[in-house]
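Architecture at a glance
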Amino acid sequence: MTAPLVPAALPHSVTVDLGGRTALVTGAAGGIGRACAVRLAAAGAKVRAVDRDAAGLEELAAQGAGLGGTVEPVVLDLTDLDAAEQAAAGTDILVNNAGLQLVRPIEEFPPEAFHTVLTVMLEAPFRLIRGALPHMYGQGWGRIVNLSSVHGLRASAFKSAYVSAKHGLEGLSKTAALEGAPHGVTSNCVNPGYVRTPLVERQIADQAAAHGIPEEQVLTEVLLKDAALKRLVEPHEVAEAVAYLCTPQASFITGTSLALDGGWTAH
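Residues numbered from 1 in each chain as written. Predicted model: local features only at pLDDT ≥ 70, side-chain atom pairs only at ≥ 80, totals over all residues. Heavy atoms only, no water.

Let us now look at the overall build of the protein. Helix and strand content of the protein: nine helices and seven strands. Compactness check: the protein gives a C-alpha radius of gyration of 18 Å against a globular reference of 18 Å for 267 residues, within 12% of the reference. In terms of overall dimensions, the protein has C-alpha extents of about 55 × 45 × 35 Å along its principal axes. Residue burial in the protein is summarised as follows: out of 267 residues, 50% are buried. A separation of at least 24 residues holds for 74% of the contacts in the protein among residues at least 6 apart in sequence. For the protein, the computed accessible surface area is about 12,100 Å², with 57% contributed by carbon and sulfur atoms. (Helix = DSSP H or I, 4+ residues; strand = E, 2+ residues; numbered from the N terminus. Rg over C-alpha atoms; globule rule 2.2 N^0.38 Å. Buried < 20%, exposed > 50% of the residue type's maximum accessible area, 1.4 Å probe, protein only. Contact = heavy atoms within 4.5 Å. Areas by Shrake-Rupley, 256 points an atom, 1.4 Å probe, with all protein chains shown as cover.)

Next comes the structure, spelled out in structure tokens:
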């Protein structure tokens, strides 16, 4: 059987002019966050790139040099919720992307790890939205894009914290959409399947242990088992979806979840 083609990073295909807009992207030092930060900067936005990885942010800032917009590194640990809320003040576009993963059965899941996942992936997005909305409401325009997951729509075993956080993020996003509609603010989730990022690569060993199978079988028998398209999603594909939701043509899309899951939820 011929292996599926992996799409190369194409020239930006969605025409987006974000000149004069300020965007904040969390988890921007790598993976989906980095792709989103670069994409929005290429569209002319001034991007506040938030992450606790200072070295990764420096690399991102260098990568962003020469784009239409700018990339401003902001070193921040999102467990500092007050600082997160303050960082979001004055933003026109908010991309809640930061996340972490731990694969364990519920009875073995460390409670402190569960708490940290919920803090970073649900409570921090709430505080960031809370910090961003006054400016968005004041100008009558705003875009909130929450990087959820297919796990915001479906559950998988051994991921109690991640699935709980993503399901909660779906509800938060919908609530923000309902409240923001009269003020010209949209709020949506983007729901990728497994993306080719360090977060996914790091969990392969944990998945192998949890399911009792060799690591080389994890991709086909666990990660891509329910997808019709048997490949990982590329970060630039997710970034294009995020960019589209910031266009004027997407102004009527709010309170929804855009699945980039290769047919996973078609079952």
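Continuing now.
With that out of the way, let us pick up the packing of aromatic side chains. This structure, assessed with the given rule, holds two aromatic pairs. With a centroid separation of 5.8 Å and an interplanar angle of 20 degrees, the aromatic rings of Tyr 194 and Trp 264 are classed as stacked. Here Tyr 194, found in the loop between strand E6 (185–192) and helix H6 (198–202), pairs with Trp 264, found in the segment after strand E7 (257–260); they are 70 residues apart in sequence, far enough to count as distant. Assigned by exposure class, Tyr 194 and Trp 264 land together as buried. The ring of Trp 141 has Arg 21 lying over it, and the distance from NZ or CZ to the ring centre is 3.8 Å. (Phe/Tyr/Trp six-rings, centres within 6.5 Å; stacked < 30°, edge-to-face > 60°. Lys NZ or Arg CZ within 6 Å of the ring centre and 35° of its normal.)

Our next topic: the side chain of Asn 146. Counting through the fold element by element, Asn 146 comes out in strand E5 (residues 142–147). In this structure Asn 146 comes out as buried when scored by relative accessible area, which is 0%. Here the side chain of Asn 146 touches Asn 96 through a polar contact of 2.9 Å, side chain to side chain. Once residues lying within four places of it in the same chain are set aside, the contact partners of Asn 146 are Asn 96, Ile 129, Leu 169, Ser 173, Ser 187, Asn 188, Cys 189 and Val 190. (Polar contact = N/O pair within 3.5 Å; in protein donor to acceptor, adjacent residues only side chain to side chain.)

For the rest of this paragraph, the subject is the nonpolar core. Counting residues in each nonpolar core, the largest one holds 36 residues, and the members touching the most others are Leu 40 and Val 190. Contributions of two or more residues to this core are made by strand E1 (22–26), helix H1 (31–42), strand E2 (46–51), helix H2 (54–64), strand E4 (93–96), E5 and helix H9 (235–244). A total of seven residues in this core trace back to one element, the largest contributor, which is H1. Ignoring sequence-local partners within four residues, the contact set of Leu 40 consists of Leu 18, Ala 23, Val 25, Ala 45, Val 47, Ile 93, Val 95, Ala 243 and Cys 246. (Core = buried A, V, L, I, M, F, W, Y, C linked by side-chain atoms within 4.5 Å.)

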